[in-house]
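Single-letter residue listing:
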Amino acid sequence: NAGVTQTPKFQVLKTGQSMTLQCAQDMNHEYMSWYRQDPGMGLRLIHYSVGAGITDQGEVPNGYNVSRSTTEDFPLRLLSAAPSQTSVYFCASRGGPRDNYGYTFGSGTRLTVV
Amino acid sequence: TQLLEQSPQFLSIQEGENLTVYCNSSSVFSSLQWYRQEPGEGPVLLVTVVTGGEVKKLKRLTFQFGDARKDSSLHITAAQPGDTGLYLCAGASIHGYTGNQFYFGTGTSLTVIP
């Protein structure tokens, strides 16, 4: 089925370790975003991209890096994991800049940093 | 910075009752979206409203965008157990030079008891 695929679904890291959360979409969407979801905080924007080679920071970018070398892929890198990065991470894509384009979300990656 | 506040945070009702969920902000948004999220999954788009005062109906769900485009409401008539989930509003705000980005509310967790 077409959509947004995130891997892994679950991950446990030790403080200081690095890792990459993978995100791929097959809908040829230009816009892709990474959000983290914490209890009582809703979804907060980490980084986003409006096309291959173009990325920008969201609300909570510290500790995370992104790159967009292709339209399909938008990986999120944790440079040195900290317990404060324990969260559920969602990747999402949308077809364009117009307001009526809704996001298609992946099923999420649940990350625990110990 | 949390731009959108939702109320109530939790809601538990009996099947057949009506309910309203509110999404409020001091910021003006160019459009607003509502999503529903089930456990272990990403949010799924329900509706987008783009004009101040706009009302949209989706079966038993009625969505309204405030005249000043700062607030929105979701009304469910005759709630059913299948309506159970986390309801999220998301406002579109001009972000830098790269176009609109959506900022999510804190969420309303709805439980409909059979």
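Residues numbered from 1 in each chain as written. Chains lettered and ligands numbered in written order. Predicted model: local features only at pLDDT ≥ 70, side-chain atom pairs only at ≥ 80, totals over all residues. Heavy atoms only, no water.

All names here are of chain A. The element strand S4 (residues 31–38) is largely enclosed, with a buried count of eight among its eight residues. Judged by which residues are buried, S4 turns out to be covered on both faces: Tyr 31, Ser 33, Tyr 35 and Gln 37 on one side and Met 32, Trp 34, Arg 36 and Asp 38 on the other are all buried. In this sheet, strand S9 (residues 87–94) lies alongside S4 in antiparallel orientation, the contact comprising seven bridges. Bridge pairing links Arg 36 to Tyr 89 in S9. Across seven bridges, the pairing between S4 and strand S5 (residues 42–51) is antiparallel. (Buried < 20%, exposed > 50% of the residue type's maximum accessible area, 1.4 Å probe, protein only. Helix = DSSP H or I, 4+ residues; strand = E, 2+ residues; numbered from the N terminus. Pairing = 2+ DSSP bridges.)

You'll often see interface size given as the accessible area lost when the parts meet. Between chain A and chain B, the contact holds 25 residues from the first and 29 residues from the second. The interface formed by chain A and chain B contains zero salt bridges. Broken down by element, the side of chain A that touches chain B gets its largest block of residues, five residues, from S5(A). (Contact = heavy atoms within 4.5 Å. Salt bridge = Lys/Arg side-chain N within 4 Å of Asp/Glu carboxyl O.)

With that settled, consider the state of the cysteines. Evaluation of the coordinates by the stated rule reveals two disulfides over all chains. Sulfur-sulfur distance for the disulfide between A:Cys23 and A:Cys91 comes to 1.9 Å. One disulfide, between A:Cys23 and A:Cys91, carries an S-S torsion of -70° and so falls in the left-handed class. With A:Cys23 in strand S3 (residues 19–25) and A:Cys91 in strand S9, this residue pair connects regions lying 68 residues apart in the sequence. Taken individually, A:Cys23 and A:Cys91 each receive the classification buried, so the pair is uniform in this respect. Put simply, B:Cys23 and B:Cys89 are joined by a disulfide, and their sulfur atoms are 2.1 Å apart. Taking the sign of the S-S torsion, about 80° here, the bridge from B:Cys23 to B:Cys89 comes out right-handed. A residue pair is termed long-range when its members are at least 10 positions apart, and B:Cys23 in strand S3 (residues 19–24) and B:Cys89 in strand S9 (residues 85–94) qualify at 66 residues. Both residues of the pair, B:Cys23 and B:Cys89, belong to the buried class. (Disulfide = S-S within 2.5 Å.)

Geometric values such as these leave the question of function open.
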